[in-house]
Amino acid sequence: MNLLLEAAAWLADAAHWTGPGSVPVRVLEHLWVTALVVGAAAVVAIPTGVWVGHTGRGRTAVIAFAGAARAVPTLGLLTLLGLWLGIGLGAPLLALVVLAVPSLLAGAYSGVESVDGTTTSAARAIGMSEWQIVTRVELPLAAPVILGGVRAATLQVIATATLAAYIADAGLGRFLFNGLKSRDYAQMLAGALLVTLIALLFEVLLAAAQRRAARAARPAGQKSTSPSNPVFPKGPS
């Protein structure tokens, strides 16, 4: 309890809210890293997952890749990339992209594949092209599951982006590493609390977006049967 009070006092100190290494600056850095990583991973993973879900090709390879990527320890990968690329944000960004890709890939693949085959057959019967089927039929219906993948990836990256401070001066992880180095455990706990609050905020926002997409994707009065989050073989991250 004393440590929690000390962390609250650390956060309440006005000196920690101004300057280049202040709380607002670290929060913005953390959000920027998260947005950059999730965006980069989505550019790769979502189109690939949609293609696999639509065509049915490469399913085994996707599952194998997702399982393998989940099994890679992020800190170990970050260390290897850091030795290769040196100090800076390059290594953390690449390591976090590897962390985010499996959830996004799973969401896109599972969501598109879960679309009722009679719906896509009807779309072909009325003369829709494959591109129109994907963009006008499958993606709207798969949106809740795709957002589930985005939600899972975002929360994973927010929590793990603290490791960016391991080899780069960025993000809320700086408070954890600085506190550990100086044995300022109140600073460490304050940094952890800030990460937790950001994660909870994004969980609420993305869960609301997912529920809204689920309501839009099903006919009125029909209950949703789509999973909120995609499932792939899991391993340590």
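Residues numbered from 1 in each chain as written. Predicted model: local features only at pLDDT ≥ 70, side-chain atom pairs only at ≥ 80, totals over all residues. Heavy atoms only, no water.

## A few points about the UniProt feature "domain: ABC transmembrane type-1" (unreviewed entry) in the protein
Here's step 1: As annotated by UniProt and renumbered to match this structure, "domain: ABC transmembrane type-1" (unreviewed entry) occupies residues 31-206.
Here's step 2: Secondary structure over residues 31-206 splits into 83% helix and 0% strand, and the C-alpha atoms at its two ends are 15 Å apart. (UniProt positions renumbered as here; feature names shortened; annotations may be inferred. Helix = DSSP H or I, 4+ residues; strand = E, 2+ residues; numbered from the N terminus.)

## Describing the packing of aromatic side chains
Here's step 1: Applying the stated rule across the entire model yields two aromatic pairs.
Here's step 2: Ring centres of W10 and F175 lie 5.1 Å apart, and the angle between their planes is 70°; this geometry places the pair in the edge-to-face category. In this pair, W10 sits in helix α1 (residues 2-12) while F175 sits in helix α8 (residues 173-182), placing the two residues 165 residues apart along the sequence.
Here's step 3: Residue class for W10 comes out buried when judged on its relative accessible area of 10%.
Here's step 4: Aromatic side chains Y166 and F177 sit 6.1 Å apart centroid to centroid with 35° between the ring planes, which places their arrangement in the tilted category. Of this pair, Y166 sits in the loop between α7 (130-160) and α8 while F177 sits in helix α8, and the two are eleven residues apart along the sequence.
Here's step 5: Assessed through its relative accessible area of 42%, Y166 is described here as partly exposed. (Phe/Tyr/Trp six-rings, centres within 6.5 Å; stacked < 30°, edge-to-face > 60°. Buried < 20%, exposed > 50% of the residue type's maximum accessible area, 1.4 Å probe, protein only.)

## With respect to the confidence of the model for the protein
Here's step 1: In this model, the protein carries an average pLDDT of 87, and 92% of its residues clear a pLDDT of 70 or more.
Here's step 2: Averaged pLDDT values for the elements of the protein fall to 83 in helix α3 (residues 59-71) and rise to 94 in helix α2 (residues 23-55).
Here's step 3: This stretch, residues 224-229, has a pLDDT under 50; its non-local contacts, to residues over four places away or in other chains, come to nine contacts.
Here's step 4: Predicted confidence for residues 231-237 stays below pLDDT 50, and this span has 22 contacts to residues more than four positions away or in other chains. (pLDDT = per-residue confidence, 0-100. Contact = heavy atoms within 4.5 Å.)

## Let's talk about the UniProt feature "transmembrane region" (unreviewed entry) in the protein
Here's step 1: According to UniProt, the feature "transmembrane region" (unreviewed entry) maps to residues 30-52, 64-87, 93-112, 141-168 and 188-209 in the numbering used here.
Here's step 2: Across residues 30-52, helical content stands at 100% and strand content at 0%; the span's end C-alpha atoms are separated by 32 Å.
Here's step 3: Helix makes up 71% of residues 141-168 and strand 0%, whereas the separation of the span's terminal C-alpha atoms amounts to 40 Å.

## Some remarks on a nonpolar patch on the surface
Here's step 1: A contiguous nonpolar patch, built from L3, L180 and Y185 and spanning about 300 Å² of accessible area, is present on the exposed surface.
Here's step 2: By the element assignment, L3 lies in helix α1.
Here's step 3: Look at L3 and you get partly exposed, because its relative accessible area is 39%. (Patch = residues over 30% accessible without salt bridge, like charges linked within 9 Å, V, L, I, M, F, W, Y side chains within 5 Å. Areas by Shrake-Rupley, 256 points an atom, 1.4 Å probe, with all protein chains shown as cover. Salt bridge = Lys/Arg side-chain N within 4 Å of Asp/Glu carboxyl O.)

## Topic: unusual backbone geometry
Here's step 1: Phi is positive for R183, which is not a glycine, with a value near 60°.
Here's step 2: One can find R183 in the loop between α8 and α9 (185-217).
Here's step 3: Under the relative-accessibility criterion, R183 is labelled exposed at 66%.

## So, the pattern of salt bridges
Here's step 1: Within this structure, the stated rule accounts for six salt bridges.
Here's step 2: Between R174 and D169 there is a salt bridge, with its nearest N and O atoms 4.0 Å apart.
Here's step 3: Relative accessible area serves as the criterion here: at 16%, R174 is assigned to the buried category.
Here's step 4: With a relative accessible area of 54%, D169 lands in the exposed category.
Here's step 5: One salt-bridge network, in which partners are shared between bridges, spans R26, E29, D169 and R174.

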